[in-house]
Protein chains: 4
Amino acid sequence: MAKKVAFIGLGNMGGGMAANLVKAGFEVHAFDLSPAAQAHAKEEGCGIAETAAAAVEGVDFVVSMLPNGTIVESVYIDNDALLDVIPNTALVLDCSTVAPANSQRVGKEAAARGIRFVDAPVSGGVAAAAAGTLAFMVGGEEANFEAAREVLQPMGANIFRAGDVGAGQVAKICNNMLLAIHMAGTAEALQLGIDNGLDPKVLSDIMLKSSGCNWSLEKYNPVPGVMEGVPASNNYQGGFMVDLMLKDLGLAMEASLHSKSSIPMGSAARNLFSLHKNAEGEDKGAKDFSSIQQLYAKPQA
Amino acid sequence: MAKKVAFIGLGNMGGGMAANLVKAGFEVHAFDLSPAAQAHAKEEGCGIAETAAAAVEGVDFVVSMLPNGTIVESVYIDNDALLDVIPNTALVLDCSTVAPANSQRVGKEAAARGIRFVDAPVSGGVAAAAAGTLAFMVGGEEANFEAAREVLQPMGANIFRAGDVGAGQVAKICNNMLLAIHMAGTAEALQLGIDNGLDPKVLSDIMLKSSGCNWSLEKYNPVPGVMEGVPASNNYQGGFMVDLMLKDLGLAMEASLHSKSSIPMGSAARNLFSLHKNAEGEDKGAKDFSSIQQLYAKPQA
Amino acid sequence: MAKKVAFIGLGNMGGGMAANLVKAGFEVHAFDLSPAAQAHAKEEGCGIAETAAAAVEGVDFVVSMLPNGTIVESVYIDNDALLDVIPNTALVLDCSTVAPANSQRVGKEAAARGIRFVDAPVSGGVAAAAAGTLAFMVGGEEANFEAAREVLQPMGANIFRAGDVGAGQVAKICNNMLLAIHMAGTAEALQLGIDNGLDPKVLSDIMLKSSGCNWSLEKYNPVPGVMEGVPASNNYQGGFMVDLMLKDLGLAMEASLHSKSSIPMGSAARNLFSLHKNAEGEDKGAKDFSSIQQLYAKPQA
Amino acid sequence: MAKKVAFIGLGNMGGGMAANLVKAGFEVHAFDLSPAAQAHAKEEGCGIAETAAAAVEGVDFVVSMLPNGTIVESVYIDNDALLDVIPNTALVLDCSTVAPANSQRVGKEAAARGIRFVDAPVSGGVAAAAAGTLAFMVGGEEANFEAAREVLQPMGANIFRAGDVGAGQVAKICNNMLLAIHMAGTAEALQLGIDNGLDPKVLSDIMLKSSGCNWSLEKYNPVPGVMEGVPASNNYQGGFMVDLMLKDLGLAMEASLHSKSSIPMGSAARNLFSLHKNAEGEDKGAKDFSSIQQLYAKPQA
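Counting starts from 1 at the beginning of each chain's written sequence and moves along it residue by residue. All chains are assigned letters beginning with A, and all ligands numbers beginning with 1, in the order in which they are written. The predicted origin of the model limits local features to residues at a pLDDT of at least 70 and limits the giving and counting of side-chain atom pairs to 80 or more, whereas totals for whole chains, interfaces and linings rest on all residues.

S.K.: Looking at this structure, I do not really get the overall build of chain A. What am I missing?
M.R.: Only DSSP runs of H or I covering at least 4 residues are called helices, and only runs of E covering at least 2 are called strands; the numbering of each starts at the N terminus. In terms of helices and strands, chain A carries 13 helices and nine strands. The globule rule is 2.2 Å times the number of residues to the power 0.38, and the radius of gyration it is compared with is taken over C-alpha atoms. What you see for chain A is a C-alpha radius of gyration of 20 Å, in line with the 19 Å of a compact globule of 301 residues. In terms of overall dimensions, chain A has a C-alpha envelope of 65 × 45 × 40 Å along the principal axes. Per-residue burial over chain A gives 63% buried out of 301 residues. Of the contacts formed within chain A by residues at least 6 apart in sequence, a portion of 63% connects residues at least 24 apart. Each residue is classified by how many other C-beta atoms fall within 10 Å of its C-beta atom, where C-beta atoms are placed from the backbone; a count of 20 or more means buried, 12 or fewer means exposed, and values in between mean partly exposed. Contact definition: two residues whose C-beta atoms, as placed from backbone geometry, lie within 7 Å.

Here is the structure:
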C-alpha cells in the first residue's frame, strides 16, 4: 500500500516537488490556501485537503515548503498548530528556507510530542523542483536523515546531511552567501575586463580554466550573450530572483549577528544586491540575480 | 640547430621556466643579477650572460620574468634599453605581471624598432613553473601569439590569447581579483558555518556540489585539516603569498581607476588581505593567501 | 508631595540615572537583581524594592534601563508582566536600547491597558549618566513626550522627540551607525596620513578646521597621544565598549533588513569592529570603540 | 613697488584666486590656454602672458592651479620646463590637487635649480576661491611655508602647514577621503531613518547635537529640503562635483597602495560614488557629490 505524504505549500517550488512524489507512488494529501495552486496540484494527481490539519491525518510523512520562518512557526505551532495533530509516527520535513532558530524551535516542539523532524532546505530553483533534481541540505539526527531519504530521493539529485536540526539551514545560508559573493565578483571582474577592452566571452573562457573559476562563471554567466540558455541571455527573466537572494542574504546577516561572526564580503554583496534592486527608479527584485551585472555596467555613450 | 632564447629574470618562477626551455631543446642565454640564481640556472643547463645586453645578442626569442612594471620598463627602455640591442627578428615575451600600461609602453617602443612583442603573464605559481604547467594569458597580435606558442608550450599547460598588447595583463588582473574575492568569500562562508556549529569538512563537501562551488573550495580549501596537500594543512606555508596577492589586487585597483570602473568586491577583498597582513603585530605577507581564514577565526576561549 | 518613580535596572547607566532622580526630589523605588547594584542605589537614596512588581506599586512614572529587547519584553510582558500591575495613571519610559519592534510591542500592550509609554534611549555613556547630561531620543505621542520631560530633564542635557513609539530607537540606531562610520573613517584617514609621513596631531588639527571634521575627531581622537583625557590616551580603557557598538550596529543591520534599506558603509563598519574584536587572538570587546585604530596600525618593525 | 606673481591655470578655481591676488596689490602675470579664461582674467586686472615662460619672467612668486599631476609635471618639467626659466629667487606654490609623488618630483627638480617650492592644495570650492576664503594645506620647509603666507593670505581663510613637500597633498587626500566617508554615511543614516518612518529634518536635528555630528550633516545636508542653500535643495547643482570627489578618492587609493595601508571605508565610499555616477543610465559625474543620497533612495511606489 502507498505511503501517505501531507504536502503543505504548493507554490512554484512546492507544486513541482509534490508532483514528483505522486510520480514516485506516494499518496499525496496537498494543502495550500490558493485555489489556483490547489487546482494545479489536483491535475498532478494530488488529493486536495480542505485544511492543513485534514492533510496530515494518518500520514507517514509531512513535507512543507513555505515562504518564511514566521509562517513555518505559525503553521506548525502558533496558529494551525499542526504538531498537535500530526501522528507521532510521522516524520516531518520542512523544506522551507528559514532561520536555523525557526527550525530548532519547530524541532524542539516536535520532539516534545514524540514527532521526528528534519529541516531540509533546497537548492536548485523551479526547474530543478519540476525535474526532481534539487539539492537538499538536511539537518536532523542521523536516523531521521536516513528515514527522510525515501521522500527526498524522488525530488532531488543530491541529498546531504549537514548536522543536527537547523544545520540544513546553516549550510544553505553559507552556500547562498558564497554564491552571492562569487556572482557579484564575477560580474565585477567581467565588467573590469570589458572596461579595459576585453571581450567578455574571451575573458570568461580564460577564467573558466584558471583560478578565478566558480559556479557563477561556469553555469550562469551574468553578461548577456556570453552563454546560451541562461537568464542573462534572456533579459534576466527566469532563474533565481534578486528578492530571493536578498532574503537568503538577510538570513546570513542574522546568522552572523547570532554567532558574532564577521562577514564583510557577504555584507558587501547584500548591499550591492540591495542597491541594484532599487537603482534606476524601478524595483528590480523580480529579475534574475545575475542582473547584478547591470549595476556595474556604465551608461552607453 | 637549436633556437636561441634570452631569459631575463631567474627568480623562483623564472628559474623553473628557463629550465623547461632547456629541456625542450632551446639554447637558453640567461641573465639575473643574483649569483645564486645564475648558479642555479647554470646547473639547469642555461648559458649565463654577464649582462642583459649580452644575453639578447643574436637570439630568436626574449623571455622576461621580472618583479614589477618599473623594472620591466627600466630593463627594456629606460636604463638597460634592451630594445635597442634586441635583433629585430626576435619575438619578445614579457611574462611579468605588470600594469597593462607598462606592457603597452614596451610594446609600442618595440614596434617602433620593428620588434614583435607580447605580454604573457602567468597563473599557477612556483610548482607549475617547475612542472611546465603554467597558464599563460597573452596579449598581442594574432600572428605574434601564434609565434609565441613555440616558446610557451614547454612552459605551460594552457595558453590563451586575451587580445592585443596589454590584454594578457588585464585578463590576469581580472582573474586574480576574482580569485581573491572567492577565496575571502570561501573563508568567510566556512567560518560562518563553523561559528554556527557545522563541520567545515561537511560544509565544504556540500558546497562543492552546490552553487557555492569555486576554485578556492575545490583546489585550495583555506581551513586547516579539511584538504590534504594544501597550504592550509601546512601552516599556510608555500603556495601564493599574501604579498603577491596584494600586488595583483593593487594592479586591479589601478586598472579600475584607469577605466573608471566600480570594484566594490575586489576593493573589499584587497582591504581584507591588507588588514590580515598587518593584524596580530606581525607581518604575514609571506604566508599563503588562504591564511585569510585566520582573519575570520575567533580567539580560542 | 514628591512624585514616585519606579526605576528598573540599576547597572552602570541606570545607577547614575536613578541617583539624579533622587537629587531632583523624586521618591525612587529601585529594582535590580544584583545585590551590589541594590546596595549602591540605596546609598544614593533610592528605596529598594524586593521585586519589580513591588517597585511599580502606586508610582507616577516607571523608568527602565535594561540590556536588550528580549529582557525588556520579558519584564513588561512575558514573564514579570509589569504592565499588568503598573497603575494606568503612570507614564512608562523605557530608556533601554532595543529594536524599534520591541518598543512598539511594549507600547501596544501598554496602550491596551490604558498605560502611556515612550521609548527613550540615551546617548552619552556612563559619565553623562552620572552627570545628568545624557541625550534622550524619545518616541511617543506628543503629549506623552511633554509629560516625560519632567523625569528626563534631571537626567539629561538634550531631549529630542523623534516621532511615535519606536522612533527614539530608530534615531539612536541611525546616530550610532553614523558614529561608527565616522570613527572608523577617522581612524583610517589618520592612519593613512601617518603611513604617508604626517604627524597625526597636525593632520587632526587640519581636518578639525576642514570638511573632514566630525564628532570622533573633535571629541574622541582615536590615535594615542593626540588628545588628552580620551580613551585613546588611556590604553582604550573606559568610554564606549566595542561590544556595545557591535550591539548597536547589530540593531542597525536588523533595521536595514526590516526596511529593506542598503547600508554598505554601516555594514563595512560593523564588520571592521567585529574583525577588530576578534583579531590578535584575544577578545577586545571590552575596550573602548576608538581602539578600532589598532586594526589599521601596522606591526612595528 | 608691487611684487609680481605668475599665475598658471585660470579655471573656475584659478580665476577667482588670481583676482584676489590683484585685489591684494600683486602684479599678476596670468597664463591659460583658454581665450575665455584669458579674457576673464584680464577683466579682473591680470596681465595676460602669451606663454607660461613669459608669465614667469622676473616674478617673485609662481602660483599654479592645474587639473592633474601629469599636467603639473609637464608644465614645470617635461614639456614647458618652467623650472628652467623661473628666477631662482622665486617661490613656487603649486595649488593643484595631485599625488604626493608628483609634488615631490617637482619639489626635487626645483631644489636642484635653487628654486623654493611648496605644494598647497586647497579645500573650499569655487565660491571660496572667489571669496578668498579657501583653506590651504601646505607641504614644504618651514621657512618656505612662512614665505608663502604672503601670497596665500589674500586667497585663503585657513592656512596650514602639514609637513614637508608632498605633505599638503597627503593632508588633502586624507581629509577628502574622510569627507567622502561621512557624506556617504550621512546619506545612508538619513535614508535608514526615512525608511523606518523618521522625518529627515527631525533626525538631522537630533544627530547634529549627538555623536553622529559631522561636517556633511552640519554644512551640507544631502536630503533635499532639509537645509536651505545647499546643493541638495537645488537639484544637486553647484557645489563639489562627483567627478572631483572621484578624482580625490582615486588619489587616496593610490596613496594607500603606495604606503600599503588598509582603507576599507574609503574604498567602500569610492565604489559607492562610482556606482552612483554610472547608475540609472546617465553619467551623474557633474552633479554635486551629496547626490550620493539618490543611490540610497528607493523607487517611488
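Still to come is the rest of the account.
S.K.: So what exactly am I meant to see when it comes to the relation of the copies chain C and chain D here?
M.R.: Relating the two copies of this chain is a rotation about some axis coupled with a shift parallel to it. When chain C is brought onto chain D, the operation consists of a screw motion whose angular component is 180 degrees and whose axial shift is 0.0 Å, with 0.1 Å RMSD remaining. Taken together, the turn and the small shift mark the pair as related by a two-fold rotation axis. Closest to the rotation axis within chain C is the C-alpha of asparagine 214 of chain C, separated from it by 1.9 Å. A symmetric contact is evident, with 100% of the interface residues of chain C recurring at the interface of chain D. Superposing copies: least-squares fit, C-alpha atoms only, residues required to have pLDDT of at least 70 in both.

S.K.: Help me out: how do you make sense of unusual backbone geometry in this one?
M.R.: Its identity as a non-glycine residue notwithstanding, asparagine 235 of chain A has a phi of 55 degrees, on the positive side. The backbone of lysine 260 of chain D sits at a positive phi, close to 55 degrees, despite the residue not being glycine.

S.K.: I'm lost on the packing of helix H12 (residues 264–278) of chain A against helix H12 (residues 264–278) of chain B in this one. Help?
M.R.: The packing of two helices is summarised by the inter-axis angle and the distance between the axes. Contact pair H12 of chain A / H12 of chain B: the axes reach a minimum separation of 10 Å and the direction vectors enclose 160 degrees. If you check the angle between H12 of chain A and H12 of chain B, you find them roughly antiparallel. The element H12 of chain A and its partner H12 of chain B pack so that their crossing is right-handed. Two secondary-structure elements touch here, H12 of chain A through Pro264, Met265, Ala268 and Leu272 of chain A and H12 of chain B through Pro264, Met265, Ala268 and Leu272 of chain B. Axis angles are defined between N-to-C directions and span 0 to 180 degrees, where every axis is a line fitted to C-alpha atoms and, for a helix, only to the segment in contact. Note on angle classes: values under 35 degrees are labelled roughly parallel, values over 145 roughly antiparallel, values of 65 to 115 roughly perpendicular, and the remainder oblique. Two helices that cross are described as forming a left-handed crossing if the nearer one is turned anticlockwise from the farther one by less than a right angle, and a right-handed crossing if clockwise.

S.K.: What should I look at first to understand the domain arrangement of chain A in this one?
M.R.: By convention, interface size is frequently given as the accessible area that disappears when the constituent parts associate. Residue and element names in this part refer to chain A. Domain limits in this description derive from either an automatic procedure or a database domain assignment. Domain parsing of chain A yields domain 1 (4–164) and domain 2 (170–296). Each of domain 1 and domain 2 has a C-alpha centre, and these two points are 29 Å apart. Partitioning the side of domain 1 that touches domain 2 into residue classes produces five nonpolar, three polar and no charged. Charged means Asp, Glu, Lys or Arg here, nonpolar means Ala, Val, Leu, Ile, Met, Phe, Trp, Tyr, Cys or Pro, and polar covers whatever is left, Gly included.

S.K.: I keep staring at the environment of alanine 129 of chain C and nothing clicks. Help me out?
M.R.: All names here are of chain C. In this structure, alanine 129 sits in helix H6 (residues 125–131). Taking the number of C-beta atoms within 10 Å as the measure of exposure, alanine 129 has 25 and is therefore buried. In this structure, the C-alpha to C-alpha distance between alanine 129 and aspartate 94, residues 35 residues apart in sequence, is 15 Å. Ignoring anything within four residues of it in the chain, the contact list for alanine 129 reads Met13, Gly16, Met17, Gly124 and Leu134.

S.K.: Just to check I follow, could you spell out the relation of the copies chain A and chain B for this structure?
M.R.: With an RMSD of 0.0 Å, chain A superimposes on chain B once it is rotated by 180 degrees and translated 0.0 Å along the axis. Most of the interface of chain A is mirrored in chain B, where 100% of its interface residues again form contacts.

S.K.: So what exactly am I meant to see when it comes to the environment of asparagine 176 of chain D here?
M.R.: Residue and element names in this part refer to chain D. Relative to the helices and strands, asparagine 176 resides in helix H8 (residues 167–195). Using a count of 28 C-beta atoms within 10 Å as the deciding quantity, one classes asparagine 176 as buried. Expressed as a C-alpha distance, the spacing of asparagine 176 and glycine 266, which sit 90 residues apart in the sequence, is 9.6 Å.

S.K.: Teacher, can you tell me more about the interface of chain C and chain D here?
M.R.: Tallying the contact residues gives 54 residues for chain C and 54 residues for chain D. Listed by contribution, the elements that provide at least two residues to the side of chain C that touches chain D are strand E8 (134–139), strand E9 (156–163), helix H8 (167–195), helix H9 (200–208), helix H11 (242–259) and helix H12 (264–278) of chain C. Top element by residues in the side of chain C that touches chain D is H8 of chain C. It accounts for 19 residues. Counted by class, the side of chain C that touches chain D contains 30 nonpolar, 20 polar and four charged residues.

S.K.: Is there a simple way to explain the interface of chain A and chain B in this structure?
M.R.: Of the residues lining the interface, 54 residues belong to chain A; the matching set on chain B comes to 54 residues. In terms of residue count, helix H8 (residues 167–195) of chain A provides more of the side of chain A that touches chain B than any other element does, 19 residues in total. Tallied by class, the residues present in the side of chain A that touches chain B amount to 30 nonpolar, 20 polar and four charged.

S.K.: Could you clarify how one ought to interpret the confidence of the model for chain A in this entry?
M.R.: Do not read the predicted coordinates in detail wherever pLDDT is low. Summary of the metric used: pLDDT quantifies the predictor's per-residue confidence within the range 0 to 100. Summarising the model, chain A shows a mean pLDDT of 96, and 100% of its residues fall at 70 or more. The ipTM assigned to the predicted complex is 0.96, against a pTM of 0.96.

S.K.: Just checking my understanding: could you explain H12 of chain C for this structure?
M.R.: Along an α-helix, residues three or four apart share an orientation, since each turn contains 3.6 residues. All names here are of chain C. With 15 residues, H12 should reach 21 Å at 1.5 Å per residue; the first-to-last C-alpha distance of 21 Å fits that figure. Most of H12 is tucked away, with 15 of its 15 residues classed as buried. Positive backbone phi, approximately 65 degrees, marks glutamate 280, located one or two places after H12. Multiply 1.5 Å by the residue count of a helix minus one, and that product is the helix's expected span.

S.K.: Sorry if this is basic, but what is going on with the environment of glycine 193 of chain B here?
M.R.: Within the fold, glycine 193 of chain B resides in helix H8 (residues 167–195). Under the C-beta neighbour-count criterion, glycine 193 of chain B is labelled buried, with 31 such atoms within 10 Å. For the pair formed by glycine 193 of chain B and serine 204 of chain B, sequence separation is eleven residues and the distance between their alpha carbons is 9.7 Å. Setting aside residues up to four positions removed in sequence, glycine 193 of chain B forms contacts with Val170, Ala171 and Cys174 of chain A together with Leu198, Pro200 and Leu203 of chain B.

S.K.: Where do I start with the pairing of strand E4 (residues 61–64) of chain D in this structure?
M.R.: Side-chain direction in a regular strand flips from residue to residue, so the side chains alternate between the two faces of the sheet. All names here are of chain D. Neither face of E4 is left uncovered, since the one carrying Phe61 and Val63 and the one carrying Val62 and Ser64 both have all their residues buried. Two strands qualify as a pair provided that DSSP identifies no fewer than 2 bridges between them. Across four bridges, strand E1 (residues 4–8) lies against E4 in parallel orientation. What sits directly across from phenylalanine 7, in E4, is valine 63. In this structure, E4 lies alongside strand E5 (residues 91–94), joined through four bridges in parallel fashion. Residue pairing for E5: phenylalanine 61 is matched across the bridge by leucine 91. For the segment spanning E4, helix H4 (residues 69–78) and E5, crossover handedness is right-handed. We call a crossover right-handed when, viewed with both strands directed away from the observer, the connection leading from the first strand over the helix to the second proceeds clockwise.

S.K.: Honestly, helix H9 (residues 200–208) of chain D in this entry has me stumped. Any pointers?
M.R.: Along H9 of chain D, the residues that are buried comprise Pro200, Leu203, Ser204, Ile206 and Met207 of chain D. One side of H9 of chain D holds all its buried residues, which, seen down the axis, span an arc of 165 degrees. Packing partners of the buried residues in H9 of chain D comprise E8, E9 and H8 of chain C together with H8 and helix H10 (215–219) of chain D. Starting at the helix axis, one direction is taken to each C-beta atom, and the arc is that of these directions.

S.K.: Explain the packing of H8 of chain B against H12 of chain B to me, please; I cannot follow it from the model alone.
M.R.: Residues and elements named next belong to chain B. For the pair H8 and H12, the least separation of the axes is 9 Å and the interaxial angle reads 65 degrees. Taken together, the axes of H8 and H12 lie roughly perpendicular to each other. Along this stretch, H8 crosses H12, giving a crossing that reads as left-handed. Only Met265, Gly266, Ala269, Leu272 and Phe273 of H12 make contact with H8, whose side of the interface consists of Met177, Ala180, Ile181 and Ala184. For the contact of H8 with H12, the residue count by class is eight nonpolar, one polar and no charged.

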